[in-house]
Amino acid sequence: MLRQVGPFVGEAFGVLADNRTRSFLTILGLIIGVAAVIAIQILGKGMAGAVTGVLGSLNDRSFYLFPNQQQADFTKASFTVADIDKVHAAVPNIVVAFPAGYVARVVTAGHEHARLGISDASDVAFARVPLIFGRNLSHDDVASAAHVCVITNVAFKRLFPAGNDPVGSSLRIGERRYVVIGVEGPPTQGILPIKFGGDISIPYTTYEHDFLRSRPLFAAQFIVADVSQIAQTEAAVKAYLRTLKAGRSEYQTFDRKTFSSSIDGIFAALTLVVTLIGAVSLVVAGIGIMNIMLVSVTERTREIGVRKAIGATSFQVLAQFFIEALLLSLVGCGIGLVIGVGVGWLVDRFALVAISGVVPSLPWLQSIAIAVGFATIVTLVFGTYPAYRAARLDPIEALRYE
Amino acid sequence: MNNGARAVDGPVIAMRDIVKTYKTGTLEVPALRGVSFDLARGEYVAIMGPSGSGKSTLMNLIGCLDRPTSGTYHLDGIDVGTLGDDALAAIRLKKLGFVFQGFNLLARTNALKNVALPLFYAGVGVRERDRRAAAMLGEVGLGDRATHKPSELSGGQQQRVAIARALVNDPAVLLADEPTGNLDSQTSEELMALFLQLNRSGRTIIMVTHDPETARNAERVIRVRDGLVVADESKMRI
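Cut-offs applied
Residues numbered from 1 in each chain as written. Chains lettered and ligands numbered in written order. Predicted model: local features only at pLDDT ≥ 70, side-chain atom pairs only at ≥ 80, totals over all residues. Heavy atoms only, no water. Contact = heavy atoms within 4.5 Å. Buried area = accessible area lost by both parts, 1.4 Å probe. Salt bridge = Lys/Arg side-chain N within 4 Å of Asp/Glu carboxyl O. Polar contact = N/O pair within 3.5 Å; in protein donor to acceptor, adjacent residues only side chain to side chain. Helix = DSSP H or I, 4+ residues; strand = E, 2+ residues; numbered from the N terminus. Nonpolar A, V, L, I, M, F, W, Y, C, P; charged D, E, K, R; others polar. Phe/Tyr/Trp six-rings, centres within 6.5 Å; stacked < 30°, edge-to-face > 60°. Buried < 20%, exposed > 50% of the residue type's maximum accessible area, 1.4 Å probe, protein only. pLDDT = per-residue confidence, 0-100. Patch = residues over 30% accessible without salt bridge, like charges linked within 9 Å, V, L, I, M, F, W, Y side chains within 5 Å. Areas by Shrake-Rupley, 256 points an atom, 1.4 Å probe, with all protein chains shown as cover. Lys, Arg positive; Asp, Glu negative; His and termini not counted. Charge placed at Lys NZ, Arg CZ, Asp CG, Glu CD. Pairing = 2+ DSSP bridges. Right-handed = clockwise from strand over helix to strand, strands pointing away. Core = buried A, V, L, I, M, F, W, Y, C linked by side-chain atoms within 4.5 Å. Axes fitted to C-alpha atoms, helices over the stretch in contact; angles between N-to-C directions. Expected span 1.5 Å × (residues − 1).

**Quick look at the interface of chain B and chain A**
How big an interface is tends to be reported as the loss of accessible area on association of its parts. Each side of the interface is counted separately: chain B has 21 residues, and chain A has 26 residues. With both chains or domains summed, chain B and chain A bury close to 2100 Å², and 58% of this area falls on carbon and sulfur atoms. Area buried by chain B at its contact with chain A is led by Arg108, Phe120 and Tyr121 of chain B, which between them contribute 34% of it. For the pair chain B and chain A, the number of links is one salt bridge. Here glutamate 303 of chain A makes a salt bridge to arginine 108 of chain B, at a shortest N to O gap of 3.4 Å. Taken together, chain B and chain A are joined by five residue pairs in polar contact (both at pLDDT 80 or more). For the side of chain B that touches chain A, the elements supplying multiple residues, two or more each, are helix 2 (85-95) and helix 3 (111-121) of chain B. Here the residues of the side of chain B that touches chain A sort into 10 nonpolar, five polar and six charged.

**Observations concerning the packing of aromatic side chains**
A full pass over the atoms with the stated rule returns 10 aromatic pairs over all chains. With centroids separated by 6.4 Å and ring planes inclined at 20°, the aromatic side chains of tyrosine 64 of chain A and phenylalanine 66 of chain A adopt a geometry described as stacked. What makes phenylalanine 66 of chain A partly exposed here is its relative accessible area of 24%. Residues phenylalanine 120 of chain B and tyrosine 121 of chain B carry aromatic rings whose centres are separated by 5.1 Å and whose planes lie at 45° to one another, so their mutual orientation is tilted. Assessed through its relative accessible area of 4%, tyrosine 121 of chain B is described here as buried. Among the aromatic side chains, those forming a connected cluster through ring pairs are Tyr64, Phe66 and Phe254 of chain A.

**Some remarks on the confidence of the model for chain A**
Averaged over all residues, the pLDDT of chain A equals 83, while 89% of them reach at least 70. Scored below 50 in pLDDT, residues 190-194 of chain A shows eight contacts in the model against residues more than four places distant or in partner chains.

**A look at a positive patch on the surface**
A contiguous patch of positive charge on the surface is contributed by Arg105, Arg115, Arg213 and Arg215 of chain A. Residue placement: arginine 213 of chain A occurs in the loop between helix 6 (204-212) and strand 10 (220-224).

**Comments concerning the side chain of serine 188 of chain B**
Along the polypeptide, serine 188 of chain B turns up in helix 6 (residues 185-200). Take serine 188 of chain B: its relative accessible area is 9%, and that puts it in the buried class.

**So, the pairing of strand 8 (residues 205-209) of chain B**
Residue and element names in this part refer to chain B. Counting buried positions over the five residues of strand 8 gives five, a clear majority of the element. Where strand 3 (residues 44-48) and strand 8 come together, five bridges link them in parallel fashion. Considered in strand 8, the bridge of isoleucine 47 is made with valine 208. Bridge count between strand 7 (residues 173-177) and strand 8: four bridges; the pairing is parallel. The residue of strand 8 that forms the bridge with aspartate 177 is valine 208. In this fold, strand 7 hands off to helix 6, which returns the chain to strand 8; that crossover is right-handed.

**Focus on the nonpolar core**
By size, the foremost hydrophobic cluster in this structure holds 78 residues, and its most contacted members are Ile13, Met15, Leu58, Ile62, Tyr73, Leu75 and Ile206 of chain B. Per-element tally for this core: the top contributor is helix 10 (residues 314-356) of chain A, with 10 residues. Excluding residues within four positions of it along the chain, isoleucine 62 of chain B makes contact with Ile13, Met15, Phe37, Ile47, Tyr73, Leu96, Leu175 and Ile206 of chain B.

**Examining the sheet that holds strand 2 (residues 27-39) of chain B**
Residues and elements named next belong to chain B. A sheet is described by the order of its strands in space; here four strands give the open sequence 2-1-4-5, paired in antiparallel fashion. Among the strands making up the open sheet, the edge pair consists of strand 2 and strand 5 (78-79). Here helix 1 (residues 55-62) sits on the sheet and contacts strand 1 (13-24), strand 2 and strand 4 (70-75); the angle it forms with strand 1, its principal contact strand, is near 120°.

**Here's the deal with the sheet that holds strand 10 of chain A**
Residue and element names in this part refer to chain A. On the basis of which strands lie adjacent, the open sheet formed by four strands has the order 2-10-1-11 and antiparallel pairing. With partners counted over all chains shown, the strands left at the sheet margins are strand 2 (94-99) and strand 11 (251-255), one partner each. With direction set aside, neighbouring strand axes in the sheet form an average angle of 25°. In this sheet, strand 10 lies alongside strand 2 in antiparallel orientation, the contact comprising five bridges. Bridge pairing in strand 10 links isoleucine 94 to valine 224. Helix-sheet contacts for helix 7 (residues 230-244) involve strand 1 (62-67), strand 2, strand 10 and strand 11, and the interaxial angle to strand 11 is about 155°.

**Regarding helix 5 (residues 155-167) of chain B**
With 13 residues, helix 5 of chain B ought to run about 18 Å at 1.5 Å a step, and its terminal C-alpha atoms sit 18 Å apart, in line with that. Of all 13 residues in helix 5 of chain B, 12 are buried, a share of seventy percent or more. Taken together, the buried positions of helix 5 of chain B are Gly156, Gln157, Gln158, Gln159, Arg160, Val161, Ala162, Ile163, Ala164, Arg165, Ala166 and Leu167 of chain B. Of the surrounding secondary structure, the elements contacted by the buried residues of helix 5 of chain B are helix 9 (301-310) of chain A together with strand 6 (96-99), helix 3, helix 4 (126-139), strand 7 and helix 6 of chain B.

**Considerations on the environment of arginine 225 of chain B**
All names here are of chain B. Relative to the helices and strands, arginine 225 is located in strand 9 (residues 220-225). According to the relative accessible area criterion, arginine 225 is partly exposed, its value standing at 48%. Each C-alpha atom of the pair arginine 225 and serine 53 lies 4.4 Å from the other, and the pair is 172 residues apart in sequence. When neighbours within four sequence positions are excluded, arginine 225 is seen to be in contact with Pro50, Ser53 and Val230.

Here it is, written out as structure tokens:
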């Protein structure tokens, strides 16, 4: 089979090379279409990677609980620390539940001061940013409501510009002092300016006492034991709290999957739109290829007559023109592939990496599959008819053609 | 050099009462009105006649490019009137070699690959193709022009390449349609000498022409007029 096809390929290359400008213009639409589709695929993947990077600080095992914002009396849906404790006691699979608090305060360290966000945390291990100094919050810190804090690299640079190890020194927030026990390093991923929580993390027990007291809460954070059951746990928490509020309030939960899937949805829609535009340009390109193949068949009517007189079967003539169309498509899609991957790579490298810190891997196999797939489909749909016309030519008529 | 044992020992071409009618709308135009003749292996025959005589139609039928409306045609023992398109293509490939007035070589392809084309359609491997094509080019005196493209060859040389292409599958019949029509008289002479030489080494040749000079070397002349054979004469070669 290959031996049969080989010379056709060489011949087809010759024909295409003889009509270089025409061939190039013919496949231009194909180049643009394939390049657009592949570039957007790569960008979509890069975006997904960037989102994952941004969400690096959000733990898989945790979810947030909020009152549903579309309800008549939002303020009535607030809950207290005591409510959360009841939920914790009633719903299985919860390791720890605590208020998700955030306040902005002026923080002072020696002569340096800055307005920073303060939030609470538990000692249960998060996939956090590695520390450059000190340690994370411990169980004892939480149990004893210790006045200690872990600070982010941002806070470290603002409050300790000299860059010395600050562990053991204390920060002043209002009238209270907190001993620095740990400093986070610069994040390796997820540099988008979205951060869950503030730059100063203190034990949630301490936070409840110092900032919350018995004020109503509008958010709580839960950490589950079995992540595969997280959806059921979220449902149970909402149901329990609703019962606790006598069915008058609605709640919603929010985990990493909810967040990333909503962003993924946006990119999926974007990818779909660009892919559709690409598909339209591929149809246009296919019609161009069909047109040029019909011209080629007409121009070479006499040649087809000679081939048939010599003894070529209709199928062999069909194969020749089909391979020519296929080659045209493959070259177009190949160039489109290179351009698409190139553009995708450049945008990934210089735009997405800068904001997310994630270097995405190029989906080579997928891109090649797209290019070859499009080439095959375009050829099958638009190359068959001209090849069929060539194969059906009457040799006597064809030989007489001038 | 050629042939070897054929399937049958009878005439290589046997035509009986061949009728060919073309239909143009409701009008029926008779092109051949009952042609019969036999051709023995190794003969060199010229089919002559003025334009409109039906000689082109006869040529197309002999060449298996067309089917008769009625009558039977045996080529090398095979009843080709009953064959389908692919079987006819196979007959053209294996049993017939065409030489055209306008050479009809592939312009982008060098002499060797042009000659090798029928072998390609016959499914012969590339090395064997090139070897046999080169040998065939040598036989028509163009062994040193294998890599030249048609545009780099003279008319006479192009027609030699075409003859080599027609012979490369070792056909039962070499069919030439006005082979010297596009050539000057000097080159025509050389080409006719080549045809004579091929016939003397055992090739069966049918030449369709209206030119008595071109038909000069044929040992038999079939004259066609108004769709009928009006004369079939054998002669001594000059």
